[in-house]
Amino acid sequence: MADLNKMFNPDSVAVVGASNSEGKVGYIILNNIVNDGFKGNIYPVNPKDDIVQGLKAYKNVSDIPEVPDLVIISIPSVGVNGIVKECGEYGVKNIVVITAGFKEIGGEGAEREAELVAIAKEYGINVIGPNSLGTTDSHTPLNSSFSQHMPPEGNIAFISQSGAMMVAIIDWSLTSGIGFSKIISLGNKAGTTEIELIEYLSDDPETAVVICYLESITDDEDFIRTLRKVSYKKPVVILKSGSSSAGAAAASSHTGALAGSDRAFDTAFKQSGVFRVETMDELFDVGLAFSKCSLPTGRNLAIVTNAGGGGVLSVDAMEKFDLNLVQFDEETTARLKEAIPAEGSAKNPVDVMGDAPVSRYKDSLEIILESDEVDGLIVMVCPTASADPDGIAEALVEGSKDFDKPVIAVNMGGPSFEAANDLLRENNIPTYVFPETAVKVMSYLARFEAVRNRNYDDPIGDIDDVDKEAVEKIFAKVKADGRDTLLGSEAYAVAEAYGISAAPIKLATSPEEAGQLAEDMEFPVVLKIASDKILHKSDIGGVKVGIQTKEEAEEVYKEILDNANKAHPDIVPDGVEVQKMMDSGIEVLVGMVRDSQFGPMVGFGMGGIFVNLIEDVSFKLAKGLTSEEIDEQIAETKASKLLEGFRGEAPGDIDEVKNAIKRVARLTLDFPEISELDINPIFVYEKGSSALDVKIKIDEE
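Residues numbered from 1 in each chain as written. Predicted model: local features only at pLDDT ≥ 70, side-chain atom pairs only at ≥ 80, totals over all residues. Heavy atoms only, no water.

Asks: Explain the packing of helix 17 (residues 468-480) against helix 18 (residues 488-497) to me, and be specific about the residues and the numbers.
Replies: In a packed pair of helices, the relevant descriptors are the angle between the two axes and the axis-to-axis distance. Here helix 17 crosses helix 18 at 160 degrees, and the two axes come no closer than 9 Å. Put simply, helix 17 runs roughly antiparallel to helix 18. For helix 17 against helix 18, the interelement crossing comes out left-handed. Judged by residue contacts, Ala 470, Val 471, Ile 474, Phe 475, Lys 477 and Val 478 of helix 17 engage Glu 490, Ala 493, Val 494 and Ala 497 from helix 18. Grouping the constituent residues of the contact of helix 17 with helix 18 by class yields eight nonpolar, no polar and two charged. (Axes fitted to C-alpha atoms, helices over the stretch in contact; angles between N-to-C directions. Helix = DSSP H or I, 4+ residues; strand = E, 2+ residues; numbered from the N terminus. Parallel < 35°, antiparallel > 145°, perpendicular 65-115°, else oblique. Left-handed = near helix turned anticlockwise from the far one by under 90°. Contact = heavy atoms within 4.5 Å. Nonpolar A, V, L, I, M, F, W, Y, C, P; charged D, E, K, R; others polar.)

In structure tokens, the structure reads:
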């Protein structure tokens, strides 16, 4: 991991391009560093002026009497790389490049950025930018950005790939009651990436939660494992805009068609323990909760409200976000009945009535938090004429301080709650305007506890009974033939080499061979035309089922070839494939589509003819796949109900399904040239399974 400590906690800072001209970026940055309280040495670098904003200026970085811990560069782009090289030769290890005019403009700019990357690598320099708005650290304090303001001190670290978003959030934070430990504008990410920054922030004592606005994710072979190391320490919340290329050109298979353009990011974030949100509101709502609240040990939630409507909305939201409405035990219910008038409700959600005085809120709060059944509490206040928002806020602060359980306030109004909201947030109780928001963020708190308790085993790496050499030979032949799609018999041989249970299928190139193969397999069998160029084989009479004798197999062989020749006289088939007919079972699909960034995504779901109609498929990335995630993948589908035994039907062999998923993952990790793989259907029996149709497509590139 890169040592970024002096990037944010330097003892000395140099500003290359520091200026006496108000309005220039070099003026604003230096002014911010000086006026926002930085206590270390500050060195303006300007070849023309001896004094800049009252400070002695230096013509070159190498003229400074000490090696600066951090150098901020804000000069025309053509001069940046020369300065970076000078910094490297002088021993500087941390640089923020504010200057634009690099990769984002293409052409010469892209070449300039490539040179910048090379120089930074040569000298081991940590670079943020170029095209960055800078960074802030409210605890150092250091404002090395050209924002108008220093954000309030807090424990949320915000990484933004958009400079405009960064300055907007800083401005908004001045009235929002949200404080930040660090705010970082990534710019073009030519050097230090969001992954390195997140890893650094996971060990930052001033940061409780890392939130990110990202437009792209840096390529990292160990993305999942890197983020897993981080996310069990601290919550990481990401708003990712844009979409992945996964699945966009993969519609030739069921799995590819179902993958979707943004599925890879969802899958990668989920498997790495990162929380993905959809809007800026949600990003900061969740960030606020993590910055203030203790974590629940379970998903059992209680609600106190002075308005019935808010309670109903909360209960509806709880079902959506998989939280449990606590049913109080007799003792808790009895105590609540003593504290609440008969017209109210001692059941959850607890209705303390619109005329509730502060004491009624306080008593209810303490009774509920004392219950071992309750993992978290949401307290709602509607501004009735008799409500005392400030007094209720004080009661929440006082009543919750002795309990290590999350308490979230929903103050349903505006100006009436300004002072109450300030008091609550100052005392680590997050506040929101609407109940659905509070329930949603409580669900994130509960999910983080689950992330920290996950087991990351390696079932893929434990598989040792595969014949990799056999598959290499099959792929070599396919490539030599100039094909990109395996024949059914070849795909079966690949499955067999990797221990994936499948119905035997062999290629026949004569009627006699077809008859003999059919007899060897034991009847009944299926015959189908063997050609990667004929897609809809049944439509042309290229598939015949239920063949019972050797003689019939020989005749059908001739018939299938004749049908193929009539339909496609320009195509020469490879022969006819003979496959053992299997008993019907529960039909499921296991497939794979390869994402350009994250590698193979393994899909599981309901198979057979309904796969595209029902779209019941769950995806996981093969890299880093764990046993727990395979269990989750199966449970996320309707197919899981069939495997458990639906409406009196016999259950299926779930262990066989897990085995198929693991082995497909291993196969696609071992062979990066596999671009798509579909096994549909797999018949799952009470004991065992059999894949009927295996499709594999390869791409040499």
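Asks: Give me the lowdown on a nonpolar patch on the surface, citing residues and values where you can.
Replies: A surface patch of nonpolar side chains, about 440 Å² in accessible area, is lined by Ile 609, Phe 610, Leu 613 and Ile 614. Take Leu 613: its relative accessible area is 67%, and that puts it in the exposed class. (Patch = residues over 30% accessible without salt bridge, like charges linked within 9 Å, V, L, I, M, F, W, Y side chains within 5 Å. Areas by Shrake-Rupley, 256 points an atom, 1.4 Å probe, with all protein chains shown as cover. Salt bridge = Lys/Arg side-chain N within 4 Å of Asp/Glu carboxyl O. Buried < 20%, exposed > 50% of the residue type's maximum accessible area, 1.4 Å probe, protein only.)

Asks: Give a detailed account of the sheet that holds strand 13 (residues 236-240), specifying residues and quantitative values.
Replies: Taking strand neighbours across the sheet as the criterion, the seven strands line up as 9-8-11-10-12-13-14 in an open arrangement whose pairing is mixed. Where the open sheet ends on each side, the last strands, each with one partner, are strand 9 (142-145) and strand 14 (275-277). Taking the axes of each pair of neighbouring strands and ignoring which way they run, one obtains an average angle of 20 degrees across the sheet. Where strand 10 (residues 153-160) lies against strand 12 (residues 209-214), five bridges are found, and the strand directions are parallel. Within strand 12, the position partnered with Ala 157 by the bridge is Val 210. Packing of helix 5 (residues 163-176) onto the sheet brings it into contact with strand 8 (134-137), strand 9, strand 10, strand 11 (180-185) and strand 12, and relative to strand 11 it is tilted by some 155 degrees. (Pairing = 2+ DSSP bridges.)

Asks: Which residues make up the environment of Phe 598, and what values do they have?
Replies: Within the element layout of this structure, Phe 598 appears in the loop between strand 25 (586-595) and strand 26 (599-606). Separated by 509 residues in the primary sequence, Phe 598 and Glu 89 have C-alpha atoms spaced 37 Å apart. Leave out the neighbours within four places in its chain, and Phe 598 touches Ile 217, Phe 223, Ala 264, Phe 265, Ala 268 and Leu 621.

Asks: With reference to specific residues and values, describe a negative patch on the surface.
Replies: A surface patch of like charges, here negative, comprises Asp 329, Glu 330, Glu 331 and Asp 372. For Asp 372, the position within the fold is in the loop between helix 13 (358-369) and strand 18 (376-381). Using a relative accessible area of 76% as the deciding quantity, one classes Asp 372 as exposed. (Lys, Arg positive; Asp, Glu negative; His and termini not counted. Charge placed at Lys NZ, Arg CZ, Asp CG, Glu CD.)

Asks: Go over the packing of aromatic side chains, please, and point to the residues and values.
Replies: Under the defined criterion, the tally for this structure stands at 14 aromatic pairs. Plain terms: the ring middles of Phe 275 and Phe 290 are 5.8 Å apart, the flat faces sit at 20 degrees to each other, and that makes the pair stacked. Taken as a pair, Phe 275 in strand 14 and Phe 290 in helix 10 (residues 280-292) lie far apart in primary sequence, 15 residues in all. The burial state of Phe 275 is the same as that of Phe 290; both residues are buried. Pairwise contacts between aromatic rings join Phe 158, Trp 172, Phe 180 and Phe 284 into one cluster. Taking the ring centre of Phe 265 as reference, the NZ or CZ of Lys 240 above it sits at 4.4 Å. The side chain of Lys 468 reaches across the aromatic face of Phe 671, ending 5.9 Å from its centre. (Phe/Tyr/Trp six-rings, centres within 6.5 Å; stacked < 30°, edge-to-face > 60°. Lys NZ or Arg CZ within 6 Å of the ring centre and 35° of its normal.)

Asks: Tell me about the packing of helix 7 (residues 223-231) against helix 9 (residues 263-272), and please be specific about residues and values.
Replies: With their axes 8 Å apart at the nearest point, helix 7 and helix 9 run at an angle of 45 degrees to one another. If you check the angle between helix 7 and helix 9, you find them oblique. Residues Phe 223, Ile 224, Leu 227, Arg 228 and Ser 231 of helix 7 pack against Ala 268, Phe 269, Gln 271 and Ser 272 of helix 9.

Asks: Describe in detail the confidence of the model for the protein, supporting the description with residues and values.
Replies: Residues of the protein with pLDDT of at least 70 account for 97%, and the chain-wide mean is 92. Below a pLDDT of 50 lies the segment residues 244-257, which in the model reaches 41 contacts outside its immediate sequence neighbourhood of four places, other chains included. (pLDDT = per-residue confidence, 0-100.)

Asks: Explain the side chain of Asp 653 residue by residue, including any values.
Replies: Turning to its location among the elements, Asp 653 is positioned in the loop between helix 23 (639-644) and helix 24 (654-670). Although Asp 653 lies buried, it forms no salt bridge, and the closest oppositely charged side chain, Lys 687, sits 4.4 Å away as judged by the N-O distance. Polar side-chain contacts of Asp 653 include one of 2.9 Å to the backbone nitrogen of Gly 688. Not counting residues within four places of it along the chain, the set of residues in contact with Asp 653 comprises Val 684, Tyr 685, Glu 686, Lys 687 and Gly 688. (Polar contact = N/O pair within 3.5 Å; in protein donor to acceptor, adjacent residues only side chain to side chain.)

Asks: Talk me through the nonpolar core; I want residue IDs and the actual numbers.
Replies: Within soluble globular proteins, side chains that are nonpolar tend to cluster in buried spots. Ile 159 and Phe 223 are the most contacted members of the largest nonpolar core, which has 50 residues in total. The dominant element in this core, judged by the number of residues it contributes, is helix 6 (residues 194-201), at five residues. If we ignore the near neighbours within four places in the chain, the residues touching Phe 223 are Ile 195, Ile 217, Ala 268, Phe 269, Ser 272 and Phe 598. (Core = buried A, V, L, I, M, F, W, Y, C linked by side-chain atoms within 4.5 Å.)

Asks: Break down the sheet that holds strand 24 (residues 575-580) for me, citing the residues and quoting the values.
Replies: Pairing in this open sheet of four strands is antiparallel, and the strands run 21-24-22-23 from one edge to the other. Every other strand in the sheet has two partners, leaving strand 21 (505-508) and strand 23 (543-547) as the edge strands with one partner each. If you compare each strand with its neighbour and ignore which way they point, the axes differ by 25 degrees on average.

Asks: Mind laying out the environment of Asp 422, listing which residues take part and the relevant values?
Replies: Counting through the fold element by element, Asp 422 comes out in helix 15 (residues 418-426). Given the relative accessible area of 45%, Asp 422 is considered partly exposed. Here the alpha-carbon distance between Asp 422 and Ala 393, two residues 29 residues apart in the chain, equals 9.4 Å.

Asks: Tell me about unusual backbone geometry, and name the residues and values.
Replies: As a rule of thumb, non-glycine residues mostly have phi less than zero, and peptide bonds are mostly trans rather than cis. Of note, the bond from Asn 348 into Pro 349 is cis; its omega dihedral lies within 30 degrees of zero at 5 degrees. A cis geometry characterises the amide bond from Phe 523 onward to Pro 524, with omega recorded as 0 degrees. On the secondary structure map, Pro 524 appears in the loop between helix 19 (511-521) and strand 22 (525-530). You will see that Glu 522, though not glycine, has its phi angle at about 75 degrees, which is positive.

Asks: Got a sec to walk through the pattern of salt bridges? Specific residues and values, please.
Replies: Applying the stated criterion across every chain, the model contains 36 salt bridges. Here Asp 137 makes a salt bridge to Lys 182, at a shortest N to O gap of 2.9 Å. Here Asp 137 is found in strand 8, whereas its partner Lys 182 is found in strand 11, with 45 residues between them in sequence. For the pair formed by Asp 137 and Lys 182, the shared burial category is buried. For Lys 620, the salt bridge identified is with Glu 636, shortest N-O distance 3.7 Å. Taken together, the residues span a long stretch of sequence, with Lys 620 in strand 27 (residues 617-621) and Glu 636 in the loop between helix 22 (627-635) and helix 23 at a distance of 16 residues. Using a relative accessible area of 2% as the deciding quantity, one classes Lys 620 as buried. On the accessibility criterion, Glu 636 (38% relative accessible area) is partly exposed. A cluster of three or more residues bridged by salt bridges with shared partners is formed by Arg 228, Lys 270, Arg 454, Lys 620, Glu 628, Glu 629, Glu 632 and Glu 636.

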